[in-house]
Amino acid sequence: MDLLSSRWSSSFTPSFILPPPSSHHRKSSKGVFCRCSVRPDPWSLSDGNPDRPKPRSKNPKRPLSDDNARRIIKSKARYLSVLRRNLGPQVRTPRWIKRSPEQMVQYLEDDRNGHLYGKHVMAAIKTVRSLSASREGEYDMRVVMSSFVGKLSFREMCVVLKVQKGWRQVRDFFAWMKLQLSYYPSVVVYTIVLRLYGQVGKIRLAEETFLEMLEAGIEPDEVACGTMLCTYARWGRHKAMLSFYSAVEQRGIVPSVVVFNFMLSSLQKRSNHQNIIDMWNHMLEKGVSPNSFTYTVVISSLAKEGYIEEAFKFFYEMKNVGFVPEEVTYSLLITLSNKNSNFDEAMNLYEDMRSQGIIPSNYTCASLLTLFYRRGDFHKALYLFSEMERHKIIVDEVIYGLLIRIYGKLGLYEDAEKTFMEVGKLGLLHDEKTYLTMAQVYLSSGNPEKAHSIVESMKLKNIILSKFAYIVMLQCYVMKEDLDSAEATFQAISKLGSCDAGCCNSMLNLYRKLGLIDMAQNFISQMRKNQVDFDGELVRSVMAFYCRRGMLRDAEQFIGDIVRDESFRNNTFVQTFYTFMHGGNTHQKLALENTQNCHQFDLMALELMLTLYKDSKSSDRMEGVLKSLLETADGLSVATKLINSFSKEGDPITAEDLKRKLLELICKTNIGAASSLANAQAMNLKRAGEIFSGSNADSSGKSLLCSLIDSYAKFRKLEDAYSLYVKAVEAGHDLGAVTTSIIVNALTNAGKHEEAESIIRKSFVDSFELDTVAYNTFIKAMLEAGQLNFASDIFDHMLSKGVAPSIHTINTMISVYGTGRKLDKAVQMFNAVHTWGLHLDEKAYMNLIGFYGKAGERHKASLLFSKMREEGIKPGMVSYNIMMNVYATAGCYHEVEAIFKSMEDEGFFPDSSSYLSLIRAYTVSSKYLEAEETLKSMERKGIIPNCAHLHVLVSAYTKAGMIEQAGQIYKRLTGNGLMPDAACYRTMLGGYLRRGYIEEGIAFFEQIKENLGPDRFIWSMAVDLYRAAGMEIEAGGALSIMNSFDIPPSSENIQAGSKSETSSSR
């Protein structure tokens, strides 16, 4: 750059002088004189020839003060042009400024050569910076800068100060600045000094400078105060920062969002989350608009302080403003939702994150795997593992531990063991939790020896055993029934701290299993003496011990003590015992409003209570329990389950005794109580009918009739239900819309469409008052019966009665018109939804899209699907599958692939139907290799193929004449445990017959004939195969079997090898 500057500096002397214009032409030399017809343009640029100068302009420009200035500017422009080309197309073109002659002269005198500042400024910067190598006191700034006195303006001195890096040079130069005549106090120069002190941590000097600014009468602005706040925040001086912020706030100065972010970030590093929340509230009060970083920090602090609702509130506010949350924010909220058992919220967050294109971290994946494990969604867990592999997310020991736990939960103990060995080979086996997870898997598989060996291997690797490790050892000894080792381990756990309820429960169960009654009783007494914190399982074990040994007084005393604990106030097991044992005691009476519904009674508690009263010979109390049950809703159903429980446990005497007592109690009840007891399972419905027939025909009889019909319908005694309904209607009873809906729905589900239709018509004739649900049931019943015209009439009758349809009604009517191939009426019904004040839902859209697909209207289906998404309705898994099936039927595999990928991007896990559509699309387009690869991919992701997948592939191969490939697919899938259906059998056998594979077809039939039912198509093809092979005896045997099944011969006559020529040509 210096060389270029010197070259530009030497160009000030003109290199040539333009000659004066000549007024006459030079005479030509002797010889032939020629005049050319082509003359040079007199107005072209000068070529430097003094004989032919450029003509003067009519309006000459004002000449520059330096004749060489224009040449210098053009030379510099050419240089910068080359420089821009070398820097690439993204470089910004400098904006050229037209200078006046005086400005141009000053530019040349400064000799900047493209620098931002003049040479004297650059020299001052260089001089001050050179002092950084000198120690304290080795120089005098006044002497060093003596040559610059009077040469630097205030602005130039600020420039020199701003670019310094050493705090000593800043201090000394600033002191020199204040001695210059051009200096005047300004908040700008003080802000520069504050920033430089803050960068190196000289907080005391910064504070002194700030006080000096105040003493000079300069009012600090937002930038100066923000610089000071950032200095405190940078170096963790939070107390001083908050105090200074209070002073700034009192002066009415509002820092910028960048300063707030600086303070929030500093507070978060020290986990001062409450101060962050307070600072956030100050921000909002001052009207400072937060940015993405602010939301990220505040949401994290709110979550860690337990303000869950506020964290989610500002998370959604952040999204509404337009900011995209970071992965760490999603991860934190997913983990928080997981801990609070809000699984749906966690899944929504994950799907939202994937829709934003954010790849989850391994920590987020670990949280999601924990979620899937708790919910039992192991299919989703395996799919997430494949997603991690696809995105190359590092799998750490925690994730491997979760995988081992999932394998153990699925009963895949060998896979869990292989994974554990693989973790060891990878060198990731360091955490005690991974060892203990594998030990628990061995315990779940009933192998305490291997579980104990895992704990012993931890000792060999010098891993310090925690309390949890000793608990696992205790479980091993309890499973092995090793009493001495179990007691020794229990004592070791006691030395590490108080034993928890799980350890005590294991020991109590061991005593019970070994029949050590006295030791068990002493152990319970010792637990109560040591004030062990009982949990639900331990309470169950103690009460089971007391009840099954008839220890009534101990049981009552224990449940009376345990119910005082607030943690058991909502425990149904404890509350059930307390309700029946102490419900009548006025001194110990508890609020029973939560137990009036028998659905909140604990069946195990009731069973133990009845066992206790039976063994303690307290028949009055047993009867009281049963009577209390019968006085509650569905109480007899609960009693029925108890009777069945006694029967299954091999105690038929108690079961019969309970049944007898129930019969006696029911016979003593009135009609009002009987109407609520008609749902009896232990009582046969015949007995319930006898109760009804023996009662008075008062207003409560209708309620009992409805209960009886409901009971008949639930227990599938539809003939009795139908008969009772008809008799009641003939007797003039209007049983109401609910009962009518129940009986019609039950008859429809059982295929008794004529009876259902007769009830519907009768209800119209008798002008029964029906509601929307009843009409919906009627329309659906006739839809399934194929009575489409009558279904349409029901809808018209509904409108004529002034009953408003629901969105379910509209969906059903779309199905009615779509099934009847009246697509135009289905569309009219779809478009008329708004006239009833309804809003279309996803089901309505997809219902019509499905019928568009069946009609071959793929374009209309696609448009409707797009419209649904534009309306803000997010398609679910079923919607995606329907749309893929529409395209798959026509073989549009590109569209199916696109929807499949879109579904994955939205966070949905493809299921069996999704892969079926993809396979069908490939087979229709003759993409057989892609179809097989899709099937393999489906199996790799843990989705087991079914008969539909097999049938699609086999059918495609047989139609294409690729019988061998069809056989290979059939063998591979059936070898994996798939049981084909009759359609697969027909397709394979028909393929063999049509293509002339007679021997293979016969062998296939011999293989499957044991699994065949009376299927006339398969048996008829078997007869044709036998006859084609000349095996008349076997053909006759097949015909005999068909006659025994009363199967008529198939009308389809398939000639053996009718398509073999086509096959061979292929």
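Residues numbered from 1 in each chain as written. Predicted model: local features only at pLDDT ≥ 70, side-chain atom pairs only at ≥ 80, totals over all residues. Heavy atoms only, no water.

Caption draft 1: Expanded view of the overall build of the protein. Scanning the protein from N- to C-terminus turns up 57 helices and 0 strands. Classification of the 1066 residues of the protein by burial places 44% in the buried group. Considering only intrachain contacts with a sequence separation of at least 6, the fraction spanning at least 24 residues in the protein is 63%. Carbon and sulfur atoms make up 50% of the accessible area of the protein, which amounts to about 57900 Å² in all. (Helix = DSSP H or I, 4+ residues; strand = E, 2+ residues; numbered from the N terminus. Buried < 20%, exposed > 50% of the residue type's maximum accessible area, 1.4 Å probe, protein only. Contact = heavy atoms within 4.5 Å. Areas by Shrake-Rupley, 256 points an atom, 1.4 Å probe, with all protein chains shown as cover.)

Caption draft 2: Local environment of the pattern of salt bridges. Following the criterion strictly, the structure yields 17 salt bridges and no others. The closest approach of N and O atoms between lysine 178 and glutamate 212, which form a salt bridge, is 2.8 Å. Residue lysine 178 is located in the loop between α7 (167–177) and α8 (187–200), and its partner glutamate 212 is located in helix α9 (residues 203–215); the two are separated by 34 residues in the primary sequence. Residue class for lysine 178 comes out partly exposed when judged on its relative accessible area of 32%. Here the salt bridges share partners, and the residues they tie into one network are Glu136, Arg168, Arg171 and Asp172. (Salt bridge = Lys/Arg side-chain N within 4 Å of Asp/Glu carboxyl O.)

Caption draft 3: Quick look at unusual backbone geometry. For glutamine 531, which is not glycine, the phi torsion reads 55 degrees and is therefore positive. Relative to the helices and strands, glutamine 531 is located in the loop between α27 (517–529) and α28 (536–547). Relative accessible area serves as the criterion here: at 67%, glutamine 531 is assigned to the exposed category.

Caption draft 4: Geometry of the side chain of threonine 748. Along the polypeptide, threonine 748 turns up in helix α39 (residues 736–749). Look past the residues within four positions of threonine 748 in its chain and what remains in contact with it is His753, Ala756, Ala781 and Glu784.

Caption draft 5: Representation of the environment of alanine 756 in the model. Within the secondary structure, alanine 756 sits in helix α40 (residues 753–765). A C-alpha to C-alpha distance of 7.9 Å links alanine 756 and asparagine 745, two positions 11 residues apart in sequence. Non-local contacts of alanine 756, meaning those with residues more than four positions away in its chain, are made with Val744, Leu747 and Thr748.

Caption draft 6: Spatial organisation of the environment of serine 955. In this structure, serine 955 sits in helix α51 (residues 947–959). Take serine 955: its relative accessible area is 13%, and that puts it in the buried class. Separated by 31 residues in the primary sequence, serine 955 and arginine 986 place their C-alpha atoms 9.6 Å from one another.

Caption draft 7: Structural view of the packing of helix α43 (residues 807–819) against helix α44 (residues 823–831). Close contact between α43 and α44 brings their axes to 7 Å; oriented N to C, the two are set at 165 degrees. Here α44 runs roughly antiparallel to α43, going by the angle between their axes. By crossing handedness, the relation of α43 to α44 is classed as left-handed. Judged by residue contacts, Ile810, Met813, Ile814, Tyr817 and Gly818 of α43 engage Leu823, Lys825, Ala826, Met829 and Phe830 from α44. (Axes fitted to C-alpha atoms, helices over the stretch in contact; angles between N-to-C directions. Parallel < 35°, antiparallel > 145°, perpendicular 65-115°, else oblique. Left-handed = near helix turned anticlockwise from the far one by under 90°.)

Caption draft 8: Structural view of the packing of helix α55 (residues 1016–1028) against helix α56 (residues 1032–1044). Viewed as axis vectors pointing N to C, α55 and α56 meet at an angle of 165 degrees, and their least axial separation amounts to 8 Å. Put simply, α55 runs roughly antiparallel to α56. Viewed along their axes, α55 and α56 form a crossing whose handedness is left-handed. Here α55 contributes Arg1016, Trp1019, Ser1020, Val1023, Tyr1026 and Arg1027 to the contact with α56, which in turn contributes Glu1032, Glu1034, Ala1035, Ala1038, Leu1039, Ile1041 and Met1042. Looking at side-chain class alone, the contact of α55 with α56 contains 8 nonpolar, 1 polar and 4 charged residues. (Nonpolar A, V, L, I, M, F, W, Y, C, P; charged D, E, K, R; others polar.)

Caption draft 9: Up close: the nonpolar core. Membership of the largest hydrophobic core comes to 179 residues, with the highest contact counts inside it found for Phe173, Met177, Met543 and Phe577. Residue contacts for phenylalanine 577: discarding those within four places in its chain leaves Met543, Cys547, Ile559, His582, Ala605, Leu608 and Met609. One finds Leu770, Met846, Leu953 and Ala1022 within the second-largest nonpolar core, a separate group that totals 120 residues. (Core = buried A, V, L, I, M, F, W, Y, C linked by side-chain atoms within 4.5 Å.)

Caption draft 10: Structural view of the packing of aromatic side chains. Here the structure, examined in full by the defined rule, presents 36 aromatic pairs. Judged by centre distance (6.0 Å) and plane angle (55 degrees), the rings of phenylalanine 545 and tyrosine 546 are tilted. In terms of burial, phenylalanine 545 and tyrosine 546 fall into one category: buried. The rings of Phe154, Phe174, Tyr183, Tyr184 and Tyr190 are connected pair by pair, giving a single aromatic cluster. A cation over a ring is seen here: arginine 405 above tyrosine 373, with NZ or CZ 5.6 Å from the ring centre. Directly above the aromatic system of phenylalanine 790 lies the positively charged group of arginine 761, at a separation of 3.8 Å from the ring centroid. (Phe/Tyr/Trp six-rings, centres within 6.5 Å; stacked < 30°, edge-to-face > 60°. Lys NZ or Arg CZ within 6 Å of the ring centre and 35° of its normal.)

Caption draft 11: Highlighting the environment of leucine 973. With respect to the element layout, leucine 973 can be found in helix α52 (residues 963–975). By relative accessible area, which is 2% here, leucine 973 ends up buried. Separated by 28 residues in sequence, leucine 973 and proline 945 have C-alpha atoms that sit 7.8 Å apart. Apart from residues lying up to four places away in sequence, leucine 973 is in contact with Leu935, Glu939, Pro945, Leu950 and Leu978.

Caption draft 12: Molecular detail of the confidence of the model for the protein. For the protein, per-residue confidence averages 78 on the pLDDT scale, and residues scoring 70 or more make up 80% of the total. Under a pLDDT of 50 for its full length, residues 1–48 has, in the predicted model, 31 contacts with residues more than four places off or in other chains. Below a pLDDT of 50 lies the segment residues 669–701, which in the model reaches 52 contacts outside its immediate sequence neighbourhood of four places, other chains included. (pLDDT = per-residue confidence, 0-100.)

Caption draft 13: Representation of α51 in the model. Along its 13 residues, α51 runs 18 Å from first to last C-alpha, staying within 8% of the 18 Å computed at 1.5 Å per residue. When you tally the buried positions in α51, you get 10 out of 13 residues, the bulk of the element. Turning to α51, its buried residues are Cys947, His949, Leu950, Val952, Leu953, Val954, Ser955, Ala956, Tyr957 and Thr958. Packing partners of the buried residues in α51 comprise α49 (912–924), α50 (928–940), α52 and α53 (982–994). Capping the start of α51 is the job of one residue whose side-chain oxygen sits 3.0 Å from the backbone nitrogen of alanine 948: asparagine 946. Trailing α51 by a residue or two, glycine 961 shows a phi angle of about 80 degrees, which is positive. (Expected span 1.5 Å × (residues − 1). Polar contact = N/O pair within 3.5 Å; in protein donor to acceptor, adjacent residues only side chain to side chain.)

Caption draft 14: Geometry of α53. Over its 13 residues, α53 extends 18 Å from the first C-alpha to the last, a length consistent with the 18 Å expected when each residue adds 1.5 Å. The set of residues buried in α53 consists of Cys984, Tyr985, Thr987, Met988, Leu989, Gly990, Gly991, Tyr992 and Leu993. Where α53 is buried, its residues touch α51, α52, α54 (998–1008) and α55. Just past α53, the residue glycine 996 takes up positive phi, approximately 85 degrees.

Caption draft 15: Expanded view of the side chain of serine 763. By the element assignment, serine 763 lies in helix α40. For serine 763, a relative accessible area of 1% translates into the label buried. Apart from the residues within four sequence positions on either side, serine 763 is in contact with Phe768, Leu770 and Phe778.

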